[in-house]
Amino acid sequence: MGTSRFGALSLAWVLIGYFTLFDLGLGRALTKMVAERADRVGANELSSLCSSTIAMVSMLGVLGALLLLSSAPWILDRAGRIEDSAIKSEALAALGWVAAGIPLAVATAALRGVLEGFQRFRLLNAIRVPSGVALFAAPCASAAITPRLDCAIAAVVLTRLVVLVAHAVPAHALAPIRIAAIHQRWAKPLLTFGGWLTVSNIVGPMIVHLDRFVVAAVLSSTAVAYYAAPFDVVSRLLLIPTALTAALFPALTNLQARDAVAARALRRSAQHLTFATVIVVVSIGIVAARPALALWLGPDFATQSARTMQILLVGFALNAMAQIPFTALHSLGCTRQTALLHLAELLPFVGLLLLLVRHWGIEGAAVAWTLRAFLDLGALTWMSRAMERRVRERATGALG
């Protein structure tokens, strides 16, 4: 595809993922509410809860798609820095496909919430692994036929449609999704939990992916390619805590109300397991970064990106560890606290990112990202321990 098209493709991946914020935290709220009710209410009530939530997020996904389409000219002219006019024309068509992918991504997140609430983790992993591979293999297959950017994005979106169906079939079997079951009474409890989570859903992905857009704006779309290639590889580390926290969240939600000590022990076990796994992967990655990039993308990419990849590996290890206290706080209902933390991090991170990218290029972006991940881990760990202490003290006082 060439480095310019590859850089634009990486931005499109980010846009599809980022616009899942339009679920307003309802997917996570649905997981919590299903986990709390799965053993206590009838099938009709669960069907109503799941049908209502999916209807809400689908409408929000369409709204996100319309917003992206209306802002497409600005994205191309101001944020993309695409120099080639032919590629710019392809990018405009590609944004149409990106918009089509947003409702699919948002609805899939809600359907995943149903399966997580019922704790169908074996099934979720059976879907997640091949779908994760397919979302990268689809544009690769497209590129083997044509280098066009819009064709690559179309392949991604069509793959997302298949992933949606893979989630919808088992979710419907557990809690039938029916238009007749939709009821407005679920809106308030869902939005109450999801409201502050929406702030995290807006700011969190912005913090995670803002570096690419800063690199594109300050440097070029070619520089984004050199940065995005190691970033996308290293970000696969988050599959470890993502798989773990998917199971951890409903389990902690259930335990917090019954046994705070057991919940704390479960959180610590998850943190130790994550650390033991991530430290091995990161150590191997740091040593193998340069030869692996040379083998995959050629010596030029290895020269430009190897050090960036090594720095990002440290940052993603810290970010992976932070997912455990983040999940523990949400299981306690502390979405407001995590949202405020992300808001507090945003502006300092933007300033640091701009400063380091201007002075050190893509390596500066990696350093800024890693420093923010370190501070985020420290703050989330302190907050989760403080909240766990409060829960134990309340439980002791109630018993007294």
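Before any of the text, the structure's been laid out above.
Per the secondary structure count, the protein chain includes 13 helices and zero strands. Counting helices and strands in the order they occur from the N terminus, the protein chain gives α-α-α-α-α-α-α-α-α-α-α-α-α. At 21 Å, the protein chain has a C-alpha radius of gyration in line with the 21 Å of a compact globule built from 400 residues. For the protein chain, the C-alpha atoms occupy an extent of roughly 65 × 45 × 35 Å along the three principal directions. For the protein chain, buried positions account for 52% of its 400 residues. Contacts in the protein chain between residues far apart in sequence, at least 24 positions, make up 83% of those at least 6 positions apart. Of the roughly 17,600 Å² of accessible surface on the protein chain, 67% is carried by carbon and sulfur atoms. Taken as two groups, the 33 positive and 19 negative side-chain charges of the protein chain have centres that lie 7 Å from each other.

So, about the side chain of Thr308. If you trace the backbone, Thr308 turns up in helix H11 (residues 299-331). Not counting residues up to four positions away in its chain, the partners in contact with Thr308 are Tyr227, Pro230, Ile362, Glu363 and Ala366.

Below, the discussion takes up empty space enclosed by the protein. A probe matching the size of a water molecule, rolled over the atoms, marks out where space remains unfilled. Across all of its chains, the model carries two cavities of 30 Å³ or more by this definition. By volume, the second largest cavity amounts to about 40 Å³. Along the walls of the second largest cavity sit Gln256, Ala260, Ala263, Arg264, Leu332, Glu388, Val391 and Arg392, which together make up its complete lining. Contributions of two or more residues to the lining of the second largest cavity are made by helix H10 (260-297) and helix H13 (362-399). Across the lining of the second largest cavity, the residue classes tally to four nonpolar, one polar and three charged.

Moving on to the nonpolar core. Membership of the largest hydrophobic core comes to 109 residues, with the highest contact counts inside it found for Ile153, Leu190, Tyr227, Leu312, Phe316, Leu353 and Trp369. Every residue in contact with Tyr227, bar those within four places of it in the chain, is listed here: Asp211, Arg212, Thr308, Leu312, Ile362, Ala365, Ala366 and Trp369. Counting seven residues, the second-largest nonpolar core is a separate cluster that includes Leu248, Leu255, Ile324 and Ala328.

Attention now goes to the layout of surface pockets. The computed volume of the second largest pocket comes to approximately 410 Å³. If you go around the second largest pocket, you meet 16 residues; those closest to its centre are Phe6, Trp13, Cys140, Trp296 and Leu297. Breaking the lining of the second largest pocket down by element, the ones donating at least two residues are helix H1 (3-18), helix H5 (121-145), helix H8 (221-234) and H10. Its residues assigned to classes, the lining of the second largest pocket shows twelve nonpolar, two polar and two charged.

Definitions and limits used
Residues numbered from 1 in each chain as written. Predicted model: local features only at pLDDT ≥ 70, side-chain atom pairs only at ≥ 80, totals over all residues. Heavy atoms only, no water. Helix = DSSP H or I, 4+ residues; strand = E, 2+ residues; numbered from the N terminus. Rg over C-alpha atoms; globule rule 2.2 N^0.38 Å. Buried < 20%, exposed > 50% of the residue type's maximum accessible area, 1.4 Å probe, protein only. Contact = heavy atoms within 4.5 Å. Areas by Shrake-Rupley, 256 points an atom, 1.4 Å probe, with all protein chains shown as cover. Lys, Arg positive; Asp, Glu negative; His and termini not counted. Charge placed at Lys NZ, Arg CZ, Asp CG, Glu CD. 1 Å grid on protein atoms, 1.4 Å probe; cavity = no way out; pocket = protein on both sides within 12 Å on 5 of 7 lines; lining within 4 Å. Points joined across faces, edges and corners; volume = space filled by probe spheres on them. Nonpolar A, V, L, I, M, F, W, Y, C, P; charged D, E, K, R; others polar. Core = buried A, V, L, I, M, F, W, Y, C linked by side-chain atoms within 4.5 Å.

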